[in-house]
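The chain contents come next:
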Amino acid sequence: MRNGHRVFSGIQPSGNLHLGNYLGALKNWVSIQDDYENYFCIVDLHALTVPQDPKVLRQKVRELAAIYVACGIDPEKSVIFRQSRVSEHTELAWLLDCVAKVGELSRMTQFKDKARKGGAEAASVGLYVYPVLQAADVLLYNAHLVPVGEDQRQHLELMRTLARRFNGLYGETFVVPEVFIPPVGARVMALDEPTAKMSKSAPAPGSYIAILDEPDAIRRKIRRAKTDSGTEVVASPEKPAIANLLGIYAAITGSAVEEIERRYEGKGYGDFKKDLAEVVVEGLSPIRDRALELLDDPRELDEILETGAEKARAVARPNLESAWTRMGLS
Ligand code: AMP
Ligand code: TRP
C-alpha cells in the first residue's frame, strides 16, 4: 500500500558493488519498495569526483542498473535512472552551493578521509561539494525518506540542514527528508580488517564480497576472513571480526544475532564460517545469475534507464522551477 511519500537513494557506479552495499542499501530499498513512490538513482556524477576510466564507467553504469533490477527493484514500481541524464540535479546543486557554507563542507568526514589519501590540496572541487549534489538529488524530488548505510548519516544531516535553511530564507520549498538506516547490516566491515568498513575502492579483493562474485570466490573469501582470538562465536566488543560475520549472517537471514550465537554454542569458528558462506552464496547467487542474464541484453537496461529519466524529469523540473521562483530567478 503506497502512503504517497517518496523514497530517494543512489549508489555510485564505481568499483565493484559489494555485500555492504547490498545489506546497507539495496536490500532495504527492495523491502520498502511497495510502500512508497521510489526513485533509485545511479549517481554517475558523484562517481566523477575521483578519477574514472570512461570505458569502465560506461560499463559500470549498466552493471549497476542490472544489479538494481536483479536485487528485486522493479522498474514498474520504481524509477531507475542515471543522475547525469536529469540535468536538474546539477542545476539545483548550484542553487544549494550558494546556501551551503564552506565550514559545513569542511567538516564532512568522508571528504576529510578521501582528501587525506591524496592530499587535501589535490582533491577535486567536486569531491568537496559532493554532499551538496547529494542534497540536490533528494530535495529535487521532495523525498521523505532516504535509505542508506551508516556512513551516509552525516551527509543526510547536512541535507536536512540545507533544506531547513533554504525554507527559512526563501519560504517553504523542500520536504526535510528522514534518514532510514537499517538496524543490522548498516556498517559491514572489511573481511581482512574488521575495523575498516567494507569498501568498493579497497585494493584487496579478499576484503570484500562482490555481489557478482562466483560462489567459490565467496566461499574462499569467507574461509580466509580474519577471525579473533578465542573460539566462541559471540558478538562481543573484543571480537570485532566475529561480530562483523555474525552481523552479516543476521542481516541476510533476518535472524537475531543472539539466536545465531545460541546455534553455534560449543561449535568453533570453522563450522560457523562454513555455514555463513552457504548463507551468503544462497543470498547472492540468484542476484548474480539474474544480473548476468540482464547484461547479456543491455538494450533492455538502456530502455529502463531512459524511461526512468523521463519519469524523473517530470517530477524534478517543476520542483527546480519553484526553487528558481523562490530565489528570484523567475
Ligand atoms: P557507495 O558505495 O559509496 O555508493 O554507497 C552506496 C550505498 O551503500 C550507501 O547507502 C552506503 O551507505 C552503503 N554502503 C556502502 N558501504 C557500506 C558498508 N560497508 N556497509 C553498509 N552499507 C554500506
Ligand atoms: N553519497 C552516497 C554514497 O556514496 C550516494 C548518493 C548520492 C546518495 N546521492 C544520494 C545516497 C542521494 C542517498 C541519496 O553512498
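Nothing here was measured: the structure is a model prediction, and the numbers come from that model.

What is the right way to look at the overall build of the protein in this model?
Tallying secondary structure elements over the protein gives 13 helices and five strands in all. At 20 Å, the protein has a C-alpha radius of gyration in line with the 20 Å of a compact globule built from 330 residues. In terms of overall dimensions, the protein has C-alpha extents of about 70 × 45 × 40 Å along its principal axes. For the protein, the proportion of its 330 residues judged to be buried stands at 51%.

Which parts of the structure should I look at to understand the site of ligand 2?
Residues in close proximity to ligand 2 total 13 residues, the closest being Q12, Y130, Q134, D137 and Q152. A distance of 2.7 Å is found between a nitrogen atom of ligand 2 and a side-chain nitrogen or oxygen belonging to Y130. Here Q152 contributes a side-chain N or O atom positioned 3.2 Å from an oxygen atom of ligand 2. In isolation ligand 2 has 360 Å² of accessible area, and contact with the protein removes 91% of it. Breaking the shell around ligand 2 down by element, the ones donating at least two residues are β1 (6-11) and α7 (125-139). If one sorts the elements of the shell around ligand 2 by residue count, α7 sits on top with four residues.

For this particular structure, what's the right way to read the site of ligand 1?
Around ligand 1 there are 18 residues in total, and G149, D151, V188, M198 and K200 lie nearest to it. Contact distances for ligand 1 include 2.9 Å between a nitrogen atom and a backbone N or O atom of M198. Along the lines of polarity and charge, the residues of the shell around ligand 1 split into six nonpolar, eight polar and four charged.

Just checking my understanding: could you explain the domain arrangement of the protein for this structure?
By convention, interface size is frequently given as the accessible area that disappears when the constituent parts associate. Per the domain assignment, the segments of the protein are domain 1 (2-180 + 298-327) and domain 2 (205-293). The straight-line distance from the C-alpha centre of domain 1 to that of domain 2 is 30 Å. Each side of the interface is counted separately: domain 1 has 13 residues, and domain 2 has 13 residues. Carbon and sulfur atoms make up 77% of the surface buried where domain 1 meets domain 2, a total of about 1200 Å² over both sides. Summed over the shared surface of domain 1 and domain 2, the number is four residue pairs in polar contact (both at pLDDT 80 or more). At the level of elements, α1 (19-32) and α3 (54-71) are the ones that each hand at least two residues to the side of domain 1 that touches domain 2. Tallied by class, residues from the side of domain 1 that touches domain 2 come to nine nonpolar, two polar and two charged.

Which parts of the structure should I look at to understand helix α6 (residues 109-118)?
At 3.6 residues per turn, the α-helix brings residues three or four places apart onto the same side. Buried within α6 are the following residues: Q110, F111 and A115. For α6, the angular spread of the buried residues around the axis is 115°, confining them to a single face. In α6, the exposed positions angled more than 90 degrees off the buried face are occupied by R116 and K117.

Looking at this structure, I do not really get the side chain of Q134. What am I missing?
The residue Q134 is located in helix α7 in this model. Looking at Q134, the relative accessible area reads 11%, which means it is buried. A polar atom in the side chain of Q134 sits 3.2 Å from the side chain of H155.

I tried to follow the packing of helix α4 (residues 88-97) against α7 on my own but got confused; where do I start?
Between two packed helices, the angle of one axis relative to the other and the distance separating the axes together describe the packing. For the pair α4 and α7, interaxial distance at closest approach is 8 Å and the crossing angle is 120°. Here α7 runs oblique to α4, going by the angle between their axes. Where α4 crosses over α7, the two elements pack in a sense that is right-handed. Of the residues in α7, those touching α4 at H89, T90, L92, A93, L96 and D97 are V129, V132, L133, A135, A136, D137 and L139. Classifying every residue of the contact of α4 with α7 gives nine nonpolar, two polar and two charged.

Help me understand the packing of aromatic side chains in this model?
Aromatic ring pairs are reported here in terms of the distance separating the ring centres and the angle at which the planes meet. Counted under the stated rule, the structure contains twelve aromatic pairs. Seen in terms of ring centroids, F111 and Y128 are 5.0 Å apart; in terms of plane orientation they differ by 70°. Their pairing is edge-to-face. With F111 in helix α6 and Y128 in helix α7, the pair connects residues that are 17 residues apart, well separated along the chain. A single burial state applies to F111 and to Y128, both of which are buried. Taken together, the ring pairs in this structure connect F8, Y39, F81 and Y141 into an aromatic cluster. The ring of Y208 has K221 sitting right over it, with the charged end atom 5.0 Å from the ring centre.

About the thresholds
Residues numbered from 1 in each chain as written. Chains lettered and ligands numbered in written order. Predicted model: local features only at pLDDT ≥ 70, side-chain atom pairs only at ≥ 80, totals over all residues. Heavy atoms only, no water. Helix = DSSP H or I, 4+ residues; strand = E, 2+ residues; numbered from the N terminus. Rg over C-alpha atoms; globule rule 2.2 N^0.38 Å. Buried < 20%, exposed > 50% of the residue type's maximum accessible area, 1.4 Å probe, protein only. Near = heavy atom within 4 Å. Polar contact = N/O pair within 3.5 Å; in protein donor to acceptor, adjacent residues only side chain to side chain. Areas by Shrake-Rupley, 256 points an atom, 1.4 Å probe, with all protein chains shown as cover. Nonpolar A, V, L, I, M, F, W, Y, C, P; charged D, E, K, R; others polar. Domains from an automatic or database assignment. Contact = heavy atoms within 4.5 Å. Buried area = accessible area lost by both parts, 1.4 Å probe. Arc of directions from axis to C-beta. Axes fitted to C-alpha atoms, helices over the stretch in contact; angles between N-to-C directions. Parallel < 35°, antiparallel > 145°, perpendicular 65-115°, else oblique. Left-handed = near helix turned anticlockwise from the far one by under 90°. Phe/Tyr/Trp six-rings, centres within 6.5 Å; stacked < 30°, edge-to-face > 60°. Lys NZ or Arg CZ within 6 Å of the ring centre and 35° of its normal.

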